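Structural description and commentary
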Amino acid sequence: MKRELVIIGGGGHTRVLIGMAQAAGIAVKGIITSDAALLGESILDVPVLGLEEEIMLDPANILLINGVGNHASRTGSGLLVRAAIYQRYRARGFDFLPLISNHAVVQPHVLMGEGVQVMPGVVIQSGAIIGENVIINTRASIDHDVVIYPHCHIAPAAVLCGHVVVGEETHI
């Protein structure tokens, strides 16, 4: 049986991911959220299925996308929320789909972890290693032999030169 795709989130990052999935011909069954104001709504024609804490999903039938971006504030990076969602669902046996834009360039010999998201205009050169649950955002450039640890967000138009190492839960 083919697993259906569900996105966790409901904000701007979720909208970008829905657009990428739709452009790639990937059907999204629905969205689960922590925002009660979204109940009964749809986002880009994808229905909000329910609240994350109330809806029961079966990992055998559902594949996830982490649609929570980076909610940075004065107290620091918002990547802890994103990382916690990923870790909570992985512990329950869920898999996360890596989503790579049709308009990104990913050279051969790039290693990517589960749930990586590569947005339009990104270039990733050979030898790069991208950890799980990482966002490489619009038009970012990742040069050769870069290592990005899990749960990072490389912001739009960021440039990482060769051999750079980015620590876990870092926002650049």
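In what follows, the structure referred to is the one given above.
Right, let's walk through the structure included here. (Residues numbered from 1 in each chain as written. Predicted model: local features only at pLDDT ≥ 70, side-chain atom pairs only at ≥ 80, totals over all residues. Heavy atoms only, no water.)

Broken down by element type, the protein chain carries two helices and 17 strands. Taking 172 residues into account, the globule formula puts the C-alpha radius of gyration at 16 Å, and the protein chain, at 16 Å, falls close to it. Its C-alpha atoms put the protein chain at 45 × 40 × 30 Å along the principal axes. Counting all 172 residues of the protein chain, 45% fall into the buried class. The contacts in the protein chain between residues at least 6 apart in sequence include a share of 35% that link residues at least 24 apart. For the protein chain, the accessible area works out to roughly 8200 Å², and carbon and sulfur atoms hold 55% of it. Both charge centroids of the protein chain, one from 10 positive and one from 15 negative side chains, sit 2 Å from each other. (Helix = DSSP H or I, 4+ residues; strand = E, 2+ residues; numbered from the N terminus. Rg over C-alpha atoms; globule rule 2.2 N^0.38 Å. Buried < 20%, exposed > 50% of the residue type's maximum accessible area, 1.4 Å probe, protein only. Contact = heavy atoms within 4.5 Å. Areas by Shrake-Rupley, 256 points an atom, 1.4 Å probe, with all protein chains shown as cover. Lys, Arg positive; Asp, Glu negative; His and termini not counted. Charge placed at Lys NZ, Arg CZ, Asp CG, Glu CD.)

Time to look at the sheet that holds strand β5 (residues 62–66). With mixed pairing, the five strands of this open sheet are ordered in space as β3-β4-β2-β1-β5. Edge positions in the sheet fall to β3 (42–43) and β5, since each has one partner strand and no second. In the sheet, β3 pairs with strand β4 (residues 46–51) via two bridges, with the strands oriented antiparallel. Bridge assignment links I43 to a residue of β4, and that residue is V46. The strands that helix α1 (residues 12–23) touches are β1 (4–8), β2 (30–33), β3, β4 and β5; relative to β1, the one it contacts most, it runs at about 160°. (Pairing = 2+ DSSP bridges. Axes fitted to C-alpha atoms, helices over the stretch in contact; angles between N-to-C directions.)

Across the five residues of β5, five count as buried, placing the element largely inside the fold. Of the two faces of β5, the one carrying I62, L64 and N66 and the one carrying L63 and I65 are both buried. Bridge count between β1 and β5: five bridges; the pairing is parallel. Bridge pairing in β5 links V6 to L64.

Strand order in the open sheet formed by four strands is β8-β11-β14-β17, with parallel pairing between adjacent strands. Both outer strands of the open sheet, β8 (111–112) and β17 (165–166), are each paired with one neighbouring strand and no more. Sheet analysis places strand β14 (residues 147–148) next to β17, joined by two bridges and oriented parallel. Following the sheet pairing, I148 is matched in β17 by V166.

For the rest of this paragraph, the subject is the packing of aromatic side chains. Inspection of every chain in the model, using the stated rule, returns two aromatic pairs. With 5.4 Å between their ring centres and 70° between their planes, Y89 and F94 make a pair best called edge-to-face. The exposure classification of Y89 matches that of F94, with both residues buried. (Phe/Tyr/Trp six-rings, centres within 6.5 Å; stacked < 30°, edge-to-face > 60°.)

Everything listed is a geometric property; what it means functionally is a separate question.
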